[in-house]
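# Coordinate analysis (summary)
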Amino acid sequence: MKNFVPYRLYFLSCTTVVLLMQGCTFTNPPKAPVISTKNVSLETKNTATTNPKLSHLMGRNYIKGIVTSVKRDDGANMWNYVIEGIDTSNGKLPYVNFNHKSVQANESDLVYATFDGNHLTEMLVIKPGFMKAKQLPVMPKKKNSGEKSAGKRDKEHQILAVPQEETIRLN
């Protein structure tokens, strides 16, 4: 019976401590929200007027295209990009207009960009200056009227015949 009393006292003291601690926390309670008299409609109106053509993306999106415009937006202290897609297969975007805090690519670069919502997660430059190279006019070679082209044997004057027969063996 002597051993029974200390266990009972220990159990009673633990239960009283637990019952007294119920509802108590060791952190400060959250503060009540502060009521503000600022005009919220003016704030949203000002941010919308900086660039109303920004794309509103949701989820994970991709685009493969050409950067058509990179401009500095001083109001938002960010760079505004406009990318027009050239490949829309597999659900890629045909057009995107977004802001980013740093310069990732230049105008006329061919890029592949990944978005998570409206945030750019990754931009890969596939070919820098892609449109500049495509827009240069190709000048045809001038041929001298005095030269005969029949005697030349190069890739320009090569004549190949259509194959007459083709066989395939499978072992």
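See above for the structure.
Scope of this entry: the structure provided in the associated data block. Fair warning: this is a prediction, and the values are worked out from it, not measured in the lab.

### Focus on unusual backbone geometry
- One non-glycine residue with positive phi stands out, namely Asn-77, at about 55 degrees.
- For Asn-77, the position within the fold is in the loop between strand S1 (60-73) and strand S2 (78-87).
- Exposure remark for Asn-77: the relative accessible area of 52% places this residue in the exposed category.
- Of note in this structure, Ser-108 is not a glycine but carries a positive phi near 70 degrees.
- By the secondary structure assignment, Ser-108 is in the loop between strand S3 (95-100) and strand S4 (110-116).

### Thoughts on the packing of aromatic side chains
- Throughout the structure, instances matching the rule amount to 3 aromatic pairs.
- On the numbers, 5.1 Å between centres and 10 degrees between planes, the contact of Tyr-81 with Phe-98 is stacked. Residue Tyr-81 is found in strand S2, and its partner Phe-98 is found in strand S3; the two are separated by 17 residues along the sequence.
- Taking the relative accessible area as the measure of exposure, Tyr-81 reaches 0% and is therefore buried.
- Classification of Phe-98 as buried rests on a relative accessible area of 4%.
- Between Phe-98 and Phe-115 the ring centres are 4.9 Å apart and the planes differ by 75 degrees, which places this aromatic pair in the edge-to-face class. Taken together, the residues span a long stretch of sequence, with Phe-98 in strand S3 and Phe-115 in strand S4 at a distance of 17 residues.

### Looking at the nonpolar core
- One finds Ile-63, Val-67, Ile-83, Val-96, Phe-98, Phe-115 and Met-123 to be the most contacted residues of the largest nonpolar core, which totals 15 residues.
- Sorting the residues of this core by element identifies S1, S2, S3, S4 and strand S5 (119-127) as the ones contributing at least two each.
- Not counting the four nearest positions on each side in its chain, Val-67 is found in contact with Tyr-81, Val-82, Ile-83, Ala-105, Asn-106, Glu-107, Ser-108, Asp-109 and Val-111.

### Quick notes on the pairing of S4
- Of all 7 residues making up S4, 5 are buried, and the element is well covered by its neighbours.
- Pairing between S1 and S4: 7 bridges, direction antiparallel. Each residue of the ladder has a partner; that of Ile-63, found in S4, is Ala-113.
- In this structure, S4 lies alongside S5, joined through 7 bridges in antiparallel fashion. Note on S5: the bridge partner recorded for Thr-114 is Glu-122.

### Quick look at the side chain of Ser-69
- Secondary-structure assignment places Ser-69 in strand S1.
- Looking at Ser-69, the relative accessible area reads 13%, which means it is buried.
- Once you skip the residues sitting within four places of it in the chain, Ser-69 turns out to touch Asn-80, Tyr-81, Val-82 and Glu-107.

Conventions and cut-offs
Residue positions are counted from 1 within each chain, in the order its sequence is given. Where totals are concerned, whole chains, interfaces and linings use all residues; where local detail is concerned, this predicted model gives features only for residues with pLDDT of at least 70, and gives and counts side-chain atom pairs only at 80 or more. With hydrogens and water stripped out, all remaining heavy atoms of the structure feed into the side-chain values. Secondary structure elements are defined from DSSP: runs of H or I of at least 4 residues count as helices, runs of E of at least 2 residues count as strands, and each element is numbered from the N terminus. Partly exposed residues are those whose accessible area sits between 20% and 50% of the maximum for their type, while under 20% is buried and over 50% is exposed, using a 1.4 Å probe and protein chains only. Note on ring pairs: Phe, Tyr and Trp rings are taken, using the six-membered ring of Trp, and paired if centres are within 6.5 Å. Classes follow the plane angle, with under 30 degrees stacked, over 60 edge-to-face and the rest tilted. Joining through side-chain atoms within 4.5 Å is the link that ties buried Ala, Val, Leu, Ile, Met, Phe, Trp, Tyr and Cys residues into a set, and such a set is a nonpolar core. What makes two residues a contact is simply this: any of their non-hydrogen atoms within 4.5 Å. Any two strands are treated as partners once DSSP identifies two or more bridges connecting them.

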